[in-house]
Amino acid sequence: MKRATISLAAAILLAASLDGTVVKAAGSKDLLPAMMSEKYRTECASCHLAYPPALLPAASWRRLLSHLDNHYGVDASLEPAEVLEISKWLEPLAGTYKKVREEPAEDRITKAAWFVREHRKIDAEVWLRPSVKSAANCAACHTTADDGNYNDKFVRIPK
Ligand code: HEC
Ligand code: HEC
């Protein structure tokens, strides 16, 4: 029950933030759930930051976890028991509201329609800067992404 509550709160917050209205009032709220999985932190946030579960639908997370040996060009495989532990934590927290329900291409947050829309004003050149490297490198610009905070107040585009 507790998990469902957190997930809903995150979902509402994101929906609000994506509509660009309530976010100012919501202030520095968090997209990462209060109860973080240690397994997720150690195994899924070593090569990149801990992506908020609420930013992909459950089907995308499930697919992604089912072929970790071929994970965006790298081998991120884990023991089956570890995958199970992560999926049990991750899937109930997945995004379920309208904007995130869509399964984006390649199960990438960065290919979702809402992501493209929110980032449409960024020049193509910016994504290629060595200081950014990839759209998936959220923390390059979202200085508080490690805390799950993507509020536009804390965005700094690096040179
Ligand atoms: C060995 C390094 C490594 C590990 C471990 C790893 N990843 Fe990744 N992951 C990557 C790389 C590389 C990319 C592609 C990044 C890019 O396109 O810039 C990626 C991309 C992703 C993306 C898509 C980002 C986007 O473009 O929206 C998600 C989601 C993701 N990883 C989740 C996970 C999860 C969940 C785990 C743990 C089960 C995990 N990763 C473990 C290396 C790793
Ligand atoms: C090159 C810099 C850059 C990268 C990398 C980046 N973003 Fe953003 N992001 C921005 C900018 C700029 C905005 C728009 C801020 C504004 O509207 O003034 C934004 C907006 C957002 C918003 C809406 C925030 C709000 O307050 O309305 C979310 C959510 C978001 N980004 C998530 C992500 C995630 C998740 C990643 C990584 C998968 C990511 N971003 C990668 C620069 C970036």
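Preceding this paragraph is the structure being described.
This text gives an overview of the structure that appears in the document. Please read all numbers here as calculations on a predicted model, not as lab measurements.

1. Some thoughts on the site of ligand 2
Item 1. Among the 24 residues in the neighbourhood of ligand 2, the closest are listed as Glu118, Cys138, Cys141, Tyr150 and Asp152.
Item 2. In the shell around ligand 2, the residues fall into 15 nonpolar, 7 polar and 2 charged.

2. As for unusual backbone geometry
Item 1. For Glu106, which is not glycine, the phi dihedral falls at a positive 55 degrees.
Item 2. Tracing the sequence through the fold places Glu106 in the loop between helix 6 (98–101) and helix 7 (113–118).
Item 3. The backbone of Lys133 shows a phi angle near 70 degrees, a positive value even though the residue is not glycine.

3. Considering helix 4 (residues 58–66)
Item 1. Looking only at helix 4, the buried set comprises Ser60, Trp61, Leu64 and Leu65. For helix 4, the buried positions fall inside an angular range of 130 degrees around the axis, keeping them on one side.
Item 2. Against helix 5 (80–90) lie the buried residues of helix 4.

Cut-offs used in this document
- Residues numbered from 1 in each chain as written.
- Chains lettered and ligands numbered in written order.
- Predicted model: local features only at pLDDT ≥ 70, side-chain atom pairs only at ≥ 80, totals over all residues.
- Near = placed C-beta within 6 Å.
- Nonpolar A, V, L, I, M, F, W, Y, C, P; charged D, E, K, R; others polar.
- Helix = DSSP H or I, 4+ residues; strand = E, 2+ residues; numbered from the N terminus.
- Buried ≥ 20, exposed ≤ 12 C-beta atoms within 10 Å, placed from the backbone.
- Arc of directions from axis to C-beta.
- Contact = placed C-beta atoms within 7 Å.

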